[in-house]
Amino acid sequence: MTSKAYQSTETDFEEQIQTNMKACRLCPRACGVDRMASKTGICKMGADIYAARAALHMWEEPCISGSKGSGAVFFSGCNLHCIFCQNREIAIGDCGKKITISRLADIFLELEQKGAANINLVTATHFVPQVLQALEIAKRHGLSIPVVYNCSGYEQVETLRMLEGYADIYLPDFKYFDRNLAAQFSHAQDYPEIAMAAIEEMVRQNPAAIFDEEGYMQKGVIVRHLILPGHTRNSKAVLRYLYETYGDSIYISVMNQYTPIYMQEKAVELNRRVTEREYRKVLEFVWELGITNGFVQEGETAKESFIPMFDNEGIEPANEQKKTDKSRLVP
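A quick note: this is a predicted structure, and the numbers were derived from the prediction, not measured.

Peer 1: How do you make sense of the overall build of the chain when you look at a structure like this?
Peer 2: Along its length, the chain carries nine helices and 10 strands. For the C-alpha atoms alone, the extent of the chain along its principal axes is close to 60 × 45 × 40 Å. Within the chain, counting contacts between residues at least 6 apart in sequence, those at least 24 apart form 71% of the total. Taking the average location of the 36 positive side-chain charges in the chain and that of its 43 negative ones, the two points are 5 Å from each other.

Below you can see the structure in the form of structure tokens.
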């Protein structure tokens, strides 16, 4: 039976959802759309949760995925819309299935039962109030593994503060130090200062990295940087800022997996992969700075295997799963 205390908590969460969805300012775009009225914001989503995949994901950093796999829930929609997006189908809201908050809580528990090292919330910014309620329900039913907040770095500090006590690990990108690149590639000239403030808040909440005996991260911040072809100077600026600001209190993940999926007319340099020379140039800078707490990718990592199938796996209860290749949004 549901306790009176839980009913009160549930009411609080529902009020929080209503407040944030009525004039949404969860992300730095602050578009103010009434998502409760079935209107969609820049994220392309209304108030209903849509997700396109919930499964064990093996392609995160070793301390996140390991051999167990990370319990990744890929949410539909995104507030950034990078022109080179690797997950474009879900970012623009074309893939996914509507789920309730209670179903999302069940998904978290099912992933833990499958042996996931953690719950990995991928691009959940625009659903934070709903996710918090789902996490509260799941925790009351025994969810005990860490929660990873996996995001683009383009985050509102006020929204991150809502996650305090729920997000054990922050896994943001830091894409651009160059405001012009941020404007050209993600329509967000303010990305650098937004990401700086967001990461500062993440580190305030989780100031030290903590690992278990198997090497899985339990608490901490890992900042990712994807090298873009032709823009090693931007990469060096990002890495310098992160290390000079946070030193060894955070982990830095340098990625060379950029894959040109959509041909660009106005940014033709993005129509190729990062060369070995470019990657080595950035890695040499990593060693020069003295970064030791971090991750690099070796070998032929720039493959489409990093991009999962968004086929609604794990979204529906097991007895309702439908075998589809790539489902569109369905109510």
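Peer 1: In this structure, what is going on with the layout of surface pockets? I would like to understand it.
Peer 2: The volume enclosed by the largest pocket comes to roughly 890 Å³. If you go around the largest pocket, you meet 43 residues; those closest to its centre are Asn87, Asp173, Arg224, Met255 and Gln257. For the lining of the largest pocket, the secondary structure elements donating two or more residues are β2 (70–75), α2 (88–91), β5 (147–151), β8 (217–226), β9 (251–255) and β10 (294–296). Within the lining of the largest pocket, the residues separate by chemical class into 23 nonpolar, 14 polar and six charged.

Peer 1: Help me out: how do you make sense of empty space enclosed by the protein in this one?
Peer 2: Space left empty within the atom packing is revealed by a probe, the size of a water molecule, rolled over the atoms. Counted by the stated rule, this structure contains two cavities of 30 Å³ or more. By volume, the largest cavity is sized at about 80 Å³. Looking at side-chain class alone, the lining of the largest cavity contains seven nonpolar, two polar and two charged residues. Estimated volume of the second largest cavity: approximately 30 Å³. Every residue along the wall of the second largest cavity is listed here: Ile83, Phe84, Gln86, Tyr258, Thr259, Pro260, Ile261, Tyr262 and Gln264. A breakdown of the residues in the lining of the second largest cavity according to their chemical character gives six nonpolar, three polar and no charged.

Peer 1: Can you help me understand the nonpolar core in this one?
Peer 2: Within soluble globular proteins, side chains that are nonpolar tend to cluster in buried spots. One finds Phe75, Phe108, Leu121 and Tyr149 to be the most contacted residues of the largest nonpolar core, which totals 92 residues. Other than its neighbours up to four places away in sequence, Leu121 contacts Val73, Phe75, Phe108, Val131, Leu135, Val147, Val148, Tyr149 and Asn150. The next biggest cluster of nonpolar side chains, apart from the first, holds nine residues, and it includes Val148, Ile169, Met217 and Phe295.

Peer 1: Looking at this structure, how should I read the pattern of salt bridges?
Peer 2: Opposite charge on two side chains allows them to pair when their charged atoms are near. Summed over all chains, the structure comprises 18 salt bridges. A salt bridge links Asp48 to Lys98; the shortest N-O distance between them is 3.9 Å. Here the residue Asp48 occupies a position in the loop between α1 (4–22) and β1 (49–57), and Lys98 occupies one in strand β3 (residues 97–99), the gap between them amounting to 50 residues. The partly exposed category is assigned to Asp48, whose relative accessible area is 42%. Look at Lys98 and you get partly exposed, because its relative accessible area is 35%. For the salt bridge of Glu244 with Arg240, the shortest nitrogen-to-oxygen distance reads 3.4 Å. With Glu244 and Arg240 both in helix α8 (residues 232–246), this residue pair falls four residues apart, about one helical turn. Here the residues in one salt-bridge network are Arg161, Glu164, Glu201 and Arg204, joined through shared partners.

Peer 1: Help me understand the side chain of Ser76 in this model?
Peer 2: Relative to the elements of secondary structure, Ser76 occurs in the loop between β2 and α2. What makes Ser76 buried here is its relative accessible area of 0%. Setting aside anything within four residues of it in sequence, one finds Ser76 in contact with Met45, Tyr50, Ala51, Ala52, Ile90, Cys95, Gly96, His126 and Phe127.

Peer 1: I tried to follow the packing of helix α3 (residues 101–113) against helix α4 (residues 128–140) on my own but got confused; where do I start?
Peer 2: For any two helices packed against each other, one specifies the inter-axial angle together with the distance between the axes. Two elements in contact, α3 and α4, have axes whose closest approach is 8 Å; the angle formed by their N-to-C orientations is 55 degrees. With respect to their mutual orientation, α3 and α4 come out oblique. Handedness of the α3/α4 crossing: right-handed. Contacts between α3 and α4 involve Ile101, Leu104, Ala105, Phe108 and Leu109 from the former and Gln130, Val131, Gln133, Ala134, Leu135, Ile137 and Ala138 from the latter. Residue composition of the contact of α3 with α4, by class: 10 nonpolar, two polar and no charged.

Peer 1: Which parts of the structure should I look at to understand the pairing of strand β4 (residues 119–122)?
Peer 2: In the case of a regular strand, side chains alternate between the two sheet surfaces. Along β4, one buried face is formed by Ile119 and Leu121 and the opposite face, lined by Asn120 and Val122, is buried too. Of the pairings in the sheet, the one linking β4 to β5 comprises four bridges and is parallel in character. Bridge pairing in β5 links Asn120 to Val148.

Scoring rules and cut-offs
- Residues numbered from 1 in each chain as written.
- Predicted model: local features only at pLDDT ≥ 70, side-chain atom pairs only at ≥ 80, totals over all residues.
- Heavy atoms only, no water.
- Helix = DSSP H or I, 4+ residues; strand = E, 2+ residues; numbered from the N terminus.
- Contact = heavy atoms within 4.5 Å.
- Lys, Arg positive; Asp, Glu negative; His and termini not counted.
- Charge placed at Lys NZ, Arg CZ, Asp CG, Glu CD.
- 1 Å grid on protein atoms, 1.4 Å probe; cavity = no way out; pocket = protein on both sides within 12 Å on 5 of 7 lines; lining within 4 Å.
- Points joined across faces, edges and corners; volume = space filled by probe spheres on them.
- Nonpolar A, V, L, I, M, F, W, Y, C, P; charged D, E, K, R; others polar.
- Core = buried A, V, L, I, M, F, W, Y, C linked by side-chain atoms within 4.5 Å.
- Buried < 20%, exposed > 50% of the residue type's maximum accessible area, 1.4 Å probe, protein only.
- Salt bridge = Lys/Arg side-chain N within 4 Å of Asp/Glu carboxyl O.
- Axes fitted to C-alpha atoms, helices over the stretch in contact; angles between N-to-C directions.
- Parallel < 35°, antiparallel > 145°, perpendicular 65-115°, else oblique.
- Left-handed = near helix turned anticlockwise from the far one by under 90°.
- Pairing = 2+ DSSP bridges.

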